[in-house]
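Tertiary structure, described
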Amino acid sequence: MKAIRRLTVRPVLPGPLRPLSELARNLRWSWHPETRDLFRSVDPECWTACGSDPVRLLGTVPSARLAELADDRRFLRRLAAAADDLDHYMTGDRWYQAQPGRLPAAVAYFSPEFGITAALPQYSGGLGILAGDHLKAASDLGVPLIGVGLLYRHGYFRQSLSRDGWQQEHYPVLDPHELPLALLEEPDGTPAHVALALPGGRELRARIWLAQVGRVPLLLLDSDVEENDLAGRGVTDRLYGGGSEHRLLQEMLLGIGGVRAVRAYCRLTGHDAPEVFHTNEGHAGFLGLERINELCDQGLEFDSALEAVRAGTVFTTHTPVPAGIDRFDRALVARHFGPEAELPRIDTERVLRLGMETYPGGEPGLFNMAVMGLRLAQRANGVSRLHGGVSREMFSGLWPGFDADEVPITSVTNGVHAPTWVAPEVFRLGARRIGVQRAEDALTVGGPDRWDSVADIPDADIWELRRTLREQLVTEVRERLRASWRQRGAGTAELGWIDDALDPDVLTIGFARRVPSYKRLTLMLRDRDRLTELLLHPERPVQIVVAGKAHPADDGGKKLVRELVRFADDPRVRHRIVFLPDYGMGMAQKLYPGCDIWLNNPLRPLEACGTSGMKAALNGCLNLSVLDGWWDEWYRPDFGWAIPTADGEETDADRRDAMEAAALYDLLEQRITPRFYERGVSGLPDRWIEMVRRTLSLLGPKVLAGRMVREYVERLYSPAAEAHRAMDPDSARGLAEWKARLRAAWPGVSVDHVETSASAATAELGSTLGLRVRVNLGDLAPDDVEVQAVSGRVDLEDRITDAATVPLKPVGGPDLEGRWVYEGPLALDRTGPFGYTVRILPAHRLLASPAETGLVAVPSGELGQAAGLLMR
């Protein structure tokens, strides 16, 4: 019989065990081994059956066992120690509190998904896991972050396979009362809520659930409340589901509702109001509109409010291709804003203009969320050095007249939260060398460029560690493989072969990620005979563990999954290659440590960062990857391998895949497997162990989320907070008025004459030339602009590369025609073809970048030819 109503019955813990409830409700347990060990000791079998979820554990363990523990002095001492440790973690000073200067009082971090733990399934892939690691690292460092997201009642889908290998999706219903969450409540005990106005006089309401991620509160908005109609209740039903209007409402709730939720949380708890708002991807971009709306309510005009909001906003893009950006029909967006809907006091046309694709090739009928995010943020970044360059190229149309390398988008390379992803065995090995506290600090705060203590670990210990982790993975794979085949309809008699699937002494390759086409799940199948030879080699075999989910609407991705599964089902090779369905955090925490090689073969440069290889590296797994994302930045041949990229302009997609697959097979056959299996005089694979050692010592400190968050604080959050403080109402009005005057006057700004002291087309290295430039500033004054000399080597088309800029100074006042003369030196500091030009840029103390306004004046073509080139 089916129940007509569901409710959650919470356990009543005996008095001495009450601290267990607080420990369970703070998600620090998900990365704190001692707390997890404490919960495991409550009831080991129940802990496993509950998926290592303390909240479910406490709701399931028999009351008799709780009574027994309440009288167990040893357990109570461990409980008291864990509770004291959490209290110290929550209240003591950490890295952030020890930094000089005035750091942001608080930072609000918005993301459409957060991967904190498998017990709170609110993530689909890398973006969410990155957001979760960002929060955890901020907690460890003491950064006063407030996370903001949505609570999806179905989370992301669970994946299984049909008998023929086709992906099947399941959407389990999540009950918030059974999750490590608490409702944010008003003083009278009623749930706090936010509301959005919808077209037709309707309203969308959402409750605010609080997940405590260590020191960081995570606010999750939930529209499944009785006050909403059926459509409204379904707005937060599932991650990345529904049509355009459904997605638009999700993103309005995340951005606009999220700001209102932050205000409610600060009002109710006394938390400092954020000085910086960080938009993780364009999905949350509407938060800037709500903040403009707040300032307009306080008396600022739209343009002034826009400047004030931009000053304190950071925007991170994770998308390397335009197709990956959310774009909405302009009419759909217009219907949800204005007098009959949300933000009625803001002119709808101003809203639409923020998301308009005004660059060449843009579609004026679409509203682009990333474009809006960039226009609403004074600071923006990509997530690896290569991706920063890709982003500058992709969005360069928003800054016409500037070279791509001057587009104001920097990069902060992602990192991963080591305490979450490092296997306990790896941590214990390090702690034996340097002590527990130093090992914890190395994994959380980071700091040193090298972990030199790894050099002191004996080869035998490293090799034994690697085999132990591989053996654990083999056990895990067999259990998951058996469960998967039973789901596919196999009987017990068909599954005997699984007992011999994989071998703890065979070189193990891991490949696990989402399955869009550009990640090329099936590149390894390009030459199946060659792959089969690698898998079944009599002396140097390899085995491969594969996992990944295709988006439910992506039939192309599902076909790739089926193709891989069917190959792995072949009785000849199924003991050497397996596909594990339902890839998630729980699986990943076993998979990364247990592999010897982490394979990544995307189409370069479409992998924005690709953090899975970082998690593997922290466990001593070596990377084998295309030079994309973070690997392009940090690859060195002494700790991994680079798959050559066939990226010539004349190479079609099929030929490119064939060439790169062949290069992959060559690396495995000729360099990787021989190194793994060869033995030195000690009987150990000395050269392989040395690569593991270098991976840990050289890559380890770089790939930390602690390093990443420290960079955000130092390079983005702190400057944004300073800009926010400087942008008081009078300053905001002044900047808005200056920009309006600047744009009106700019058509009259020009470079009219350039002359130099050079008398010939060649000069000597180290000499200095004098530049004299006459410019027309129209209605502007010298204080409004900077006149620069730009110089450097030139290519065959006279384009300046690796440019250096030098400001020129005005000489005297304007002449009778109103023109100004600027002068300055030009140092010839490089040999070879060398060139220069001059340009005029806007200048204001409150601009974060000279390119911020997108305005620049350069000499005309004729004037450039008259000025000539030097040293050609």
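Up top you'll find the structure we're talking about.
First, a word on scope: everything that follows refers to the structure included in this document.

Here is what the cut-offs are and how they apply
Residues numbered from 1 in each chain as written. Predicted model: local features only at pLDDT ≥ 70, side-chain atom pairs only at ≥ 80, totals over all residues. Heavy atoms only, no water. Helix = DSSP H or I, 4+ residues; strand = E, 2+ residues; numbered from the N terminus. Rg over C-alpha atoms; globule rule 2.2 N^0.38 Å. Contact = heavy atoms within 4.5 Å. Areas by Shrake-Rupley, 256 points an atom, 1.4 Å probe, with all protein chains shown as cover. Lys, Arg positive; Asp, Glu negative; His and termini not counted. Charge placed at Lys NZ, Arg CZ, Asp CG, Glu CD. Pairing = 2+ DSSP bridges. Axes fitted to C-alpha atoms, helices over the stretch in contact; angles between N-to-C directions. Parallel < 35°, antiparallel > 145°, perpendicular 65-115°, else oblique. Left-handed = near helix turned anticlockwise from the far one by under 90°. Nonpolar A, V, L, I, M, F, W, Y, C, P; charged D, E, K, R; others polar. Core = buried A, V, L, I, M, F, W, Y, C linked by side-chain atoms within 4.5 Å. Buried < 20%, exposed > 50% of the residue type's maximum accessible area, 1.4 Å probe, protein only. Right-handed = clockwise from strand over helix to strand, strands pointing away. Phe/Tyr/Trp six-rings, centres within 6.5 Å; stacked < 30°, edge-to-face > 60°. Lys NZ or Arg CZ within 6 Å of the ring centre and 35° of its normal. Patch = residues over 30% accessible without salt bridge, like charges linked within 9 Å, V, L, I, M, F, W, Y side chains within 5 Å. Salt bridge = Lys/Arg side-chain N within 4 Å of Asp/Glu carboxyl O. Expected span 1.5 Å × (residues − 1).

With that out of the way, let us pick up the overall build of the protein chain. When helices and strands are tallied, the protein chain shows 29 helices and 27 strands. Against the compact-globule benchmark of 29 Å for 872 residues, the protein chain has a radius of gyration of 29 Å, which places it among compact chains. Expressed along its principal axes, the backbone C-alpha trace of the protein chain runs to roughly 95 × 75 × 50 Å. Within the protein chain, counting contacts between residues at least 6 apart in sequence, those at least 24 apart form 73% of the total. For the protein chain, the exposed area adds up to about 35,600 Å²; of that, 50% sits on carbon and sulfur atoms. Distance between charge centres in the protein chain, computed from 103 positive and 121 negative side chains, equals 4 Å.

Attention now moves to the sheet that holds strand E15 (residues 507-512). Note: strands within a sheet are paired through backbone hydrogen bonds, in either parallel or antiparallel orientation. Overall, parallel pairing links the six strands, which are arranged E17-E16-E15-E18-E19-E20 in an open sheet. The strands lining the two open edges of the sheet, one partner per strand, are strand E17 (577-580) and strand E20 (640-643). Taken pair by pair, the neighbouring strands of this sheet meet at an average axis angle of 20 degrees, ignoring direction. Relative to strand E16 (residues 542-547), helix H20 (residues 528-536) is tilted by about 115 degrees, and along the sheet it contacts E16 and E17.

As a further point, take the packing of helix H10 (residues 287-297) against helix H11 (residues 302-311). Helix-helix packing is described using two parameters, namely the angle between the two axes and the distance between the axes. Two elements in contact, H10 and H11, have axes whose closest approach is 9 Å; the angle formed by their N-to-C orientations is 125 degrees. Taken together, the axis directions place H10 and H11 in an arrangement best described as oblique. Where H10 crosses over H11, the handedness of that crossing is right-handed. The residues of H11 that touch H10, namely those facing Gly-288, Arg-291, Ile-292, Leu-295 and Cys-296, are Phe-302, Ala-305, Leu-306, Ala-308 and Val-309. The residue inventory of the contact of H10 with H11, partitioned by class, reads eight nonpolar, one polar and one charged.

Attention now goes to the nonpolar core. Met-524, Ile-597, Leu-624, Trp-641, Ile-672 and Trp-688 are the most contacted members of the largest nonpolar core, which has 107 residues in total. Discounting residues that sit within four places of it in the chain, Ile-672 has contacts with Leu-507, Ile-597, Leu-624, Trp-641, Leu-667 and Trp-688. Membership of the second largest hydrophobic core comes to 59 residues, among which are Leu-239, Leu-289, Phe-337 and Met-372.

For the rest of this paragraph, the subject is the pairing of strand E18 (residues 597-600). Burial along E18 is two-sided: the residues Ile-597 and Leu-599 and Trp-598 and Asn-600 are all buried. Here E15 pairs with E18 via two bridges, running parallel. Each residue of the ladder has a partner; that of Ile-509, found in E18, is Ile-597. Looking at chain direction, E18 and strand E19 (residues 622-626) are connected through four bridges and run parallel. When the sheet's bridge partners are listed, Trp-598 is paired in E19 with Asn-623. On the question of chirality, the crossover connecting E18 to the parallel E19 by way of helix H23 (residues 612-617) is right-handed.

What follows concerns the packing of aromatic side chains. Under the criterion given, the structure shown has 20 aromatic pairs. On the numbers, 6.1 Å between centres and 40 degrees between planes, the contact of Phe-110 with Phe-277 is tilted. Taken together, the residues Phe-110 in strand E1 (residues 107-110) and Phe-277 in strand E9 (residues 276-280) connect sequence positions 167 residues apart. Assessed through its relative accessible area of 1%, Phe-277 is described here as buried. Chaining the aromatic ring pairs together yields one cluster made of Trp-463, Trp-641, Phe-676, Tyr-677 and Trp-688. Of note, Arg-488 hangs over the ring of Trp-485, and the distance from its end group to the ring centre comes to 4.4 Å. Here Lys-615 stacks its cationic end above the ring of Trp-421, 4.6 Å away from the centre of that ring.

This part covers the sheet that holds strand E24 (residues 800-807). Here three strands make up an open sheet; going across it, the order is E24-E23-E27 and the pairing antiparallel. Each edge of the sheet is formed by a strand with only one pairing partner; in this case those strands are E24 and strand E27 (834-842). Between one strand and the next, the sheet's axes are offset by a mean angle of 30 degrees, whatever the strand orientation. Relative to E27, strand E23 (residues 785-794) is paired through nine bridges, and the arrangement is antiparallel. When the bridges of E27 are listed, Gln-788 appears paired with Arg-839.

Let's shift gears to a positive patch on the surface. Where like charges cluster on the molecular surface, the positive patch consists of Arg-73, Arg-74, Arg-77 and Arg-78. Tracing the chain through its elements places Arg-78 in helix H6 (residues 73-91).

Moving on, we come to the side chain of Asn-293. You can see Asn-293 is positioned in helix H10. For Asn-293, a relative accessible area of 6% puts it in the buried group. Among all residues touching Asn-293, those that are not within four sequence positions of it are Arg-260, Leu-343, Arg-345 and Ile-346.

This next bit is on the pattern of salt bridges. What the rule picks out here adds up to 66 salt bridges. With a closest N to O distance of 2.8 Å, Glu-494 and Arg-163 form a salt bridge. Linking Glu-494 in the loop between helix H19 (459-487) and E15 with Arg-163 in the loop between strand E3 (158-161) and strand E4 (167-170), this pair joins segments that are 331 residues apart in sequence. Here Arg-163 falls in the partly exposed class, since its relative accessible area comes to 42%. Between Glu-294 and Arg-263 there is a salt bridge, and its shortest N-O distance comes to 2.8 Å. Taken together, the positions of Glu-294 in helix H10 and Arg-263 in helix H9 (residues 244-269) put the pair 31 residues apart, joining distant regions of the chain. By relative accessible area, which is 29% here, Arg-263 ends up partly exposed. Salt bridges linked by common partners bring Asp-459, Arg-636, Asp-638, Glu-690, Arg-693 and Arg-694 together as one network.

Once that is clear, we can look at H19. The terminal C-alpha atoms of H19 lie 42 Å apart, and with 29 residues this matches the ideal 42 Å at 1.5 Å per residue to within 8%. Just beyond H19, the residue with positive phi is Gly-489, at close to 100 degrees.

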